[in-house]
Amino acid sequence: MTALHEPVTGRYVYVPHGGHEYRIYYEEAGDGIPLVCLHTAGTDAREWRHQLNDADITSHYRVIAFDMPRHGKSIPPVGFEREEYRLTATFYSEFVMAFCDALELERPVVMGSSMGGNICLHIALNFEEKIRALIAIEACDHSPGWYISWLEHPHVHGGEACATSVYGLMAPQSPDEYRWETWWYYAQGGPGIFKGDLYFYSVDHDFRKLNEKITGNVPLYLMTGVYDFACTPEMTEATAQKIKGAESIIMEEIGHFPMSENPVTFKRYLMPVLETIRGVGSGGGA
Amino acid sequence: MAALDHPLLERLRDAMPNDPEMQIVGKFMRCDVLLSSGDKRYLLRFDHGRLTEIVEDPHPALAWNFALKAGPGTWERFLQDPPPPEFHDVWAAAWLGHLTLEGDIKVFMQNHFAFWRTLKLLRIQAQATSGAAA
């Protein structure tokens, strides 16, 4: 009897950056245009498992999802215990590009959600010559309010508090099993890591005076679900209107974690975008 | 449309001990919560996954840990299935100004998982009733 395997493979790669050799775990599947997927705050690349397993995507794209340092299977740098973790826009954007360089990816598409969506704006601003297109999911120019001390407070169960705080960001129409799976990922983050990511998400990421500096040379799609209250459709649309050439796509019956909470609904919106990027089809949206 | 009222809270009280999920997540639940819907106020005492007391229009001297205060319209939307965006979750409604969360937020966070299940049960009870009425 032959065991059932997924077409996804996982590997470790060493990514040099800032004097550290980061041991980074990534998963990949498919052939074609590199599509680098960025996970949300406080969790890891398992969020992208449905897209990694989707032949409609992997037949044209080499889908790659990696765990940021301190997340999932990517261990923290030596000496992490001596500093409070706070993710910054500079480190995050430079690290994404360092990962792409390490894998020698040629002009990849970068797709990220939440903090992975917000960083797409910084990549558009600073690395446009190295990028083919950007898909910023649940992203906007300013998303304040989530840098919350309770998420690492020793009197509060960190796993439960982090996971339950984000459960409500998902749509009630999303399948229970996938919402609980996303909850599970969030229950597993290292202590203080979700909050440290949220330093970028809610504090260091203030793009309000930078929107107009993006040239528009790289296609930028901003996709947001109607049940997202951290980054509402209105926040996304207002950002898109300020960025030259940006297209906003509002997704019905989905929330802050489209790729993991409801891959079927998300796919309806994502496929036209992926087809446009590779030169077929006529535009984004379902 | 279901409303937040005393009969609904009594059904919640009866449902909690029979809910398998609450048996798991409510083991350490301990909090006193004030819910208000317009000028109606209810003090709910929770202990080990059970709603042990419902005090309608509680005396001002009675203490509570945290409070959820909203108008009847917010509760009606919150209790729908599926609830509309912005009213589907306590954080969402509080974040976007439809509901006020007050009091000791540490106690709220300590009981967040169990209280989240409690509110889910509240919605289930509200829907069971509105379905029966229809």
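To be clear, the structure that these remarks concern was listed above.
Residues numbered from 1 in each chain as written. Chains lettered and ligands numbered in written order. Predicted model: local features only at pLDDT ≥ 70, side-chain atom pairs only at ≥ 80, totals over all residues. Heavy atoms only, no water.

(A) Examining the pairing of strand β8 (residues 247-251) of chain A more closely. Residue and element names in this part refer to chain A. Across five bridges, strand β7 (residues 220-225) lies against β8 in parallel orientation. Residue pairing across strands places Thr224 opposite Ile250, the latter belonging to β8. Handedness of the β7-helix α8 (residues 233-242)-β8 crossover: right-handed. (Pairing = 2+ DSSP bridges. Helix = DSSP H or I, 4+ residues; strand = E, 2+ residues; numbered from the N terminus. Right-handed = clockwise from strand over helix to strand, strands pointing away.)

(B) Quick peek at the pattern of salt bridges. In this structure the tally under the stated criterion is 21 salt bridges over all chains. Note that Lys267 of chain A and Asp56 of chain A form a salt bridge whose closest N and O atoms lie 2.6 Å from each other. Here Lys267 of chain A is found in helix α10 (residues 263-277), whereas its partner Asp56 of chain A is found in helix α2 (residues 55-58), with 211 residues between them in sequence. Note on Asp56 of chain A: relative accessible area 43%, which makes it partly exposed. Arg45 of chain B serves as the salt-bridge partner of Glu53 of chain B, at 2.9 Å between the closest nitrogen and oxygen. (Salt bridge = Lys/Arg side-chain N within 4 Å of Asp/Glu carboxyl O. Buried < 20%, exposed > 50% of the residue type's maximum accessible area, 1.4 Å probe, protein only.)

(C) Local environment of the interface of chain B and chain A. Contact residues are listed per partner, giving 18 residues for chain B and 24 residues for chain A. The contact between chain B and chain A buries some 1900 Å² in all, and 71% of this surface belongs to carbon and sulfur atoms. Applying the counting rule to chain B against chain A returns zero salt bridges. Applying the counting criterion to the chain B and chain A interface returns six residue pairs in polar contact (both at pLDDT 80 or more). Of all the secondary structure elements, the ones that give two or more residues to the side of chain B that touches chain A are α4 (90-95), α5 (105-110) and α6 (112-133) of chain B. Here the side of chain B that touches chain A gets four residues from one element, more than from any other, and that element is α5 of chain B. In terms of residue class, the side of chain B that touches chain A is made up of 12 nonpolar, three polar and three charged. (Contact = heavy atoms within 4.5 Å. Buried area = accessible area lost by both parts, 1.4 Å probe. Polar contact = N/O pair within 3.5 Å; in protein donor to acceptor, adjacent residues only side chain to side chain. Nonpolar A, V, L, I, M, F, W, Y, C, P; charged D, E, K, R; others polar.)

(D) Fine view of the sheet that holds strand β5 (residues 99-103) of chain B. Residue and element names in this part refer to chain B. Here five strands make up an open sheet; going across it, the order is β3-β2-β1-β4-β5 and the pairing mixed. Of all strands in the sheet, those with a lone pairing partner are β3 (50-56) and β5, marking the two edges. Averaged over all adjacent pairs, the angle separating strand axes in this sheet is 20°, with direction ignored. Pairing of strand β4 (residues 66-70) with β5, which is carried by five bridges, proceeds in the antiparallel orientation. Looking at β5, one finds that Ala70 is bridged to Leu99. (Axes fitted to C-alpha atoms, helices over the stretch in contact; angles between N-to-C directions.)

(E) Representation of the nonpolar core within the structure. Residues and elements named next belong to chain A. If you look at the biggest cluster of nonpolar residues, it comprises 106 residues, and the most contacted ones within it are Phe66 and Phe99. Beyond its immediate chain neighbours, meaning those up to four positions away, Phe99 contacts Val13, Val15, Ile24, Tyr26, Val36, Ile64 and Phe66. Within the second largest apolar cluster, 29 residues are counted, among which are Ile33, Cys37, Leu52 and Ile249. (Core = buried A, V, L, I, M, F, W, Y, C linked by side-chain atoms within 4.5 Å.)

(F) Here's a closer look at helix α4 (residues 115-126) of chain A. Residue and element names in this part refer to chain A. With 12 residues, α4 extends 17 Å from end C-alpha to end C-alpha; this agrees with the ideal 16 Å at 1.5 Å per step. In terms of residue burial, α4 counts as a mostly covered element, since 10 of its 12 residues are buried. What α4 keeps buried is the set Met115, Gly116, Gly117, Asn118, Ile119, Cys120, Leu121, His122, Ile123 and Ala124. (Expected span 1.5 Å × (residues − 1).)

(G) Structural detail: the side chain of His39 of chain A. All names here are of chain A. In this fold, His39 is placed in the loop between β3 (33-38) and α1 (49-52). Within the structure, His39 has its side chain in polar contact with the backbone oxygen of Thr43 (distance 3.4 Å). One polar contact links the side chain of His39 to the main-chain amide nitrogen of Met68, over a distance of 3.0 Å. The residues contacting His39, other than those within four sequence positions of it, are Asp44, Ala45, Glu47, Trp48, Phe66, Asp67, Met68, His71, Tyr92, Ser113, Met115 and Gly116.

(H) Spotlight on α10 of chain A. Residues and elements named next belong to chain A. Compared with the 21 Å implied by 1.5 Å per residue over 15 residues, the 20 Å span of α10 between its first and last C-alpha is a close match. The sharpest bend along α10 reaches about 35° and sits at Tyr269, with the proline Pro272 one to four residues further on. At the C-terminal side of α10, Gly279 shows a positive phi close to 95°. (Bend = angle between axes of the 7 residues up to and from the residue.)

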